[in-house]
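Examination of the molecular architecture
One-letter residues, chain by chain:
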Amino acid sequence: MKTSAVIFDAFGTLVEIQQPTHPFRQLLREGRRQGRLPRADDIRTIMTRCLSLSEAALAFGIKISPSQLAFLDQCLEEELASIQPYPDAVEAVGLLQAAGVRLAVCSNLAMAYGPVVERIFPHLGAYGFSYRIGVMKPQAAIYQHTCDLLNVRPENELSGQRRIVMIGDSERCDRDGPGHVGIKGYLLRRNGDGASNLSHFARSVLSDR
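Note that the structure is predicted; figures quoted are calculated from it, not measured. (Residues numbered from 1 in each chain as written. Predicted model: local features only at pLDDT ≥ 70, side-chain atom pairs only at ≥ 80, totals over all residues. Heavy atoms only, no water.)

1. Examining the packing of aromatic side chains
One pass over the full model with this rule turns up 4 aromatic pairs. When the ring of F11 is compared with that of Y113, the centres are 5.9 Å apart and the planes differ by 85 degrees; the resulting orientation is edge-to-face. One end of the pair, F11, is in the loop between β1 (2-8) and β2 (15-17); the other, Y113, is in the loop between β4 (102-107) and α6 (114-120), and 102 residues separate them in sequence. Both residues of the pair, F11 and Y113, belong to the buried class. Arranged with centres 5.9 Å apart and planes meeting at 15 degrees, the rings of F129 and Y131 form a pair that is stacked. Residue class for F129 comes out buried when judged on its relative accessible area of 0%. The buried category is assigned to Y131, whose relative accessible area is 6%. Members of the aromatic cluster, each reached through a chain of ring pairs, are Y127, F129 and Y131. The cationic tip of K184 hangs over the ring face of Y186; the distance from NZ or CZ to the ring centre is 5.5 Å. (Phe/Tyr/Trp six-rings, centres within 6.5 Å; stacked < 30°, edge-to-face > 60°. Helix = DSSP H or I, 4+ residues; strand = E, 2+ residues; numbered from the N terminus. Buried < 20%, exposed > 50% of the residue type's maximum accessible area, 1.4 Å probe, protein only. Lys NZ or Arg CZ within 6 Å of the ring centre and 35° of its normal.)

2. Quick notes on helix α3 (residues 53-60)
Because an α-helix packs 3.6 residues into every turn, residues spaced three or four apart end up facing the same way. Those residues of α3 not exposed but buried are L53, A56, A57 and F60. Across the axial projection of α3, the buried residues extend over an arc of 100 degrees, all falling on one side. Looking at the buried side of α3, the elements it contacts are α1 (23-33), α2 (42-48) and α4 (66-81). Of the residues trailing α3, G61 is marked for its positive phi of about 70 degrees. (Arc of directions from axis to C-beta. Contact = heavy atoms within 4.5 Å.)

3. Description of the side chain of D174
Along the chain, D174 falls in helix α10 (residues 171-176). At 3.2 Å, the side chain of D174 forms a polar contact with the backbone nitrogen of D169. With near-sequence residues (within four places) excluded, D174 lies in contact with D9, K137, M166, I167, G168, D169, G185 and Y186. (Polar contact = N/O pair within 3.5 Å; in protein donor to acceptor, adjacent residues only side chain to side chain.)

4. Details of the environment of L150
Relative to the elements of secondary structure, L150 occurs in helix α8 (residues 140-150). Under the relative-accessibility criterion, L150 is labelled buried at 6%. The residues contacting L150, other than those within four sequence positions of it, are A5, R102, L103, A104, G125 and A126.

Have a look at this one:
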């Protein structure tokens, strides 16, 4: 079956953080020091709302001083500056774009990280970021919304002669989750089973066209 569109996960697939500082995790640790116990939906709040660090602190009821906020903001800037594309991702995107395949990224992200992904890969057809859409993978709505942004319909693609595929490093979010809306998911494991290289994956997609 021919492929008309490819959806990528972002972190761990297209890009990596080379110098992680975990500013939001630090913020939550500060909340714990203040007696606020971590909640099951903390990460969901960060990744499904347009929140800066100061806005996240306010949402969680965490008190931070101006100096603490400045430190966390600096940590965030350092982490963002360290984000780099994987070489095989750059090659894969170039190969697929040259062949006219529609491309998108679908990822669970806090607000600060989306613009960096867009800057590194500026010409994709759609950017399905959780903080913009308000839901996270593996909820069906985020895949469906990404397809809407890309102007493709997975149900129709699968029932006809063309398909939409997704690849990422999470079994739950990138391999299994997309299947619930008619997208064929593939697992990327550079050091294990599954697809081990995005360049190879792109070539296999193109060999079916």
